[in-house]
Amino acid sequence: MRLAGCKEVDGGYVSSVTQKNPIRLYVAHVWAKDDDYLRVFEYIESVSNFFYINTSTPDVRPTGDREVLRDSLRNQITEAEVIIVPAALYRANVDWVEFQMHCAKAFDKPLLVIEPFGGKDTIAPAVQELADDVVPWDRRQLIDAIKREARHEESTRFDVIEFKLD
């Protein structure tokens, strides 16, 4: 049996995510690094042996009309294997986030939505409909979802539960 997204090595399977083969990800933005945008990378960078390339460039807002801005977003999304959308970004920037989500779907890119931070808000129905997967702000679930959506690689980790018998 071959595990999707994994390579067979010496009779076992290893992750296809390596330093030489990083996952290319795009995090939705509106040309600014808001708290959720930065938080995504804090979570990702806190995981050892997870290699990625960020194709989103919120610091580089092109000059020009609306179509120039759309072309810039299209180019960023085209390069990615998975598109990550922090759900809270949608309510403040409906038009731009919808454009990015529809663009991802048009390019047949998996769309991973992260629930609003703090769990007090809900995900807009339009976002929920387009999402391939929805995860909470949990480092492990986020990384597993990125690997699953980008490379079809399932986690092989197990939870360890410790308890004492009385």
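Preceding this paragraph is the structure being described.
Once a new chain begins, its residue numbering starts again from 1 and follows that chain's sequence as written. Predicted model: local features are reported for residues with pLDDT of at least 70 only, side-chain atom pairs are reported and counted for 80 or more only, and whole-chain, interface and lining totals are derived from all residues. Processing note: side-chain calculations cover all non-hydrogen atoms of the structure and skip hydrogens and water entirely.

Chemist: Whenever I open this one, a nonpolar patch on the surface confuses me. Can you help?
Modeler: The patches reported here contain residues having more than 30% relative accessible area and no salt bridge. Joining distances are 9 Å for like charges and 5 Å for nonpolar side chains (Val, Leu, Ile, Met, Phe, Trp, Tyr). Note on areas: these come from Shrake-Rupley sampling with a 1.4 Å probe, and a residue is covered only by the protein chains present in the view. A pairing counts as a salt bridge when a side-chain nitrogen of Lys or Arg comes within 4 Å of a carboxyl oxygen of Asp or Glu. On the surface, Ile161, Phe163 and Leu165 cluster together to form a nonpolar patch covering roughly 440 Å² of accessible area. Secondary structure elements follow DSSP: runs of H or I of four or more residues count as helices, runs of E of two or more count as strands, with numbering from the N terminus. Mapped onto the elements, Leu165 comes out in the segment after α6 (139-151).

Chemist: Sorry, what's going on with the side chain of Arg39 here?
Modeler: By the element assignment, Arg39 lies in helix α1 (residues 35-45). Contacts between residues were defined by any pair of non-hydrogen atoms, one from each residue, lying within 4.5 Å. Here Arg39 is in contact with Phe117 and Trp137, once residues within four sequence places are set aside.

Chemist: Sorry, what's going on with the sheet that holds strand β3 (residues 23-27) here?
Modeler: Sheet strands associate in pairs through backbone hydrogen bonding, adopting either a parallel or an antiparallel arrangement. With parallel pairing, the 5 strands of this open sheet are ordered in space as β4-β3-β5-β6-β7. Looking at the sheet topology across the chains shown, the edges are occupied by β4 (52-54) and β7 (133-135). When strand polarity is set aside, the average angle formed by the axes of neighbouring strands in this sheet is 30°. Bridging between β3 and β4 involves 3 bridges; their strand directions are parallel. Its bridge partner lying in β4, Leu25 is registered against Asn54. Running at roughly 165° to β7, α6 makes contact with β3, β5 (82-86), β6 (111-114) and β7 of the sheet. Whether two strands pair depends on DSSP finding at least two bridges between them. To get an axis, a line is fitted to the C-alpha atoms, and for a helix only the part in contact is used. The angle between two axes follows their N-to-C directions and goes from 0 to 180 degrees.

Chemist: I would appreciate a short explanation of the packing of α1 against α6 in the present structure.
Modeler: Helix-helix packing: each pair is described by the crossing angle between the helix axes and the interaxial distance. Two elements in contact, α1 and α6, have axes whose closest approach is 9 Å; the angle formed by their N-to-C orientations is 90°. Judged on the interaxial angle alone, α6 and α1 are roughly perpendicular. For the pair α1 and α6, contact is made by Val40, Tyr43 and Ile44 and by Arg139, Leu142, Ile143 and Ile146, respectively. Residues are grouped as follows: Ala, Val, Leu, Ile, Met, Phe, Trp, Tyr, Cys and Pro are nonpolar; Asp, Glu, Lys and Arg are charged; every other residue, Gly included, is polar. Taken together, the residues of the contact of α1 with α6 sort by class into 6 nonpolar, no polar and 1 charged. Working definition: roughly parallel below 35 degrees, roughly antiparallel above 145 degrees, roughly perpendicular at 65 to 115 degrees, and oblique for all remaining angles.

Chemist: Sorry if this is basic, but what is going on with the environment of Thr57 here?
Modeler: Positionally, Thr57 belongs in the loop between β4 and α2 (66-78). Exposure classes here rest on a 1.4 Å probe applied to the protein chains alone. A residue is buried below 20% of its type maximum, exposed above 50%, and partly exposed in between. What makes Thr57 partly exposed here is its relative accessible area of 32%. Considered as a pair, Thr57 and Trp31 are 26 residues apart in the sequence and their alpha carbons are 7.5 Å apart. Residues in contact with Thr57, not counting those within four places in the same chain, are His29, Trp31 and Gln76.

Chemist: Looking at this structure, I do not really get the environment of Asn75. What am I missing?
Modeler: Along the chain, the position of Asn75 falls in helix α2. Along the backbone, Asn75 and Ser56 are 19 residues apart, and their C-alpha atoms lie at a distance of 9.2 Å.

Chemist: Explain α1 to me, please; I cannot follow it from the model alone.
Modeler: Three or four residues apart is the spacing at which side chains of an α-helix point the same way, because the helix has 3.6 residues per turn. Residues of α1 that are buried include every one of Asp36, Tyr37, Arg39, Val40, Phe41, Tyr43 and Ile44, and no others. In this fold, the buried residues of α1 make contact with β3, β4, β5, α3 (87-92), β6 and α6.

Chemist: Sorry, what's going on with the pattern of salt bridges here?
Modeler: Side-chain pairing between opposite charges can occur once the charged atoms of the two side chains come close. Enumeration over the complete set of coordinates arrives at 9 salt bridges. When the shortest N-O distance is used, the salt bridge between Arg148 and Asp133 registers 2.6 Å. One end of the pair, Arg148, is in helix α6; the other, Asp133, is in strand β7, with 15 residues separating them in the sequence. It is possible to trace a salt-bridge network through shared partners that takes in Arg24, Glu81 and Arg151.

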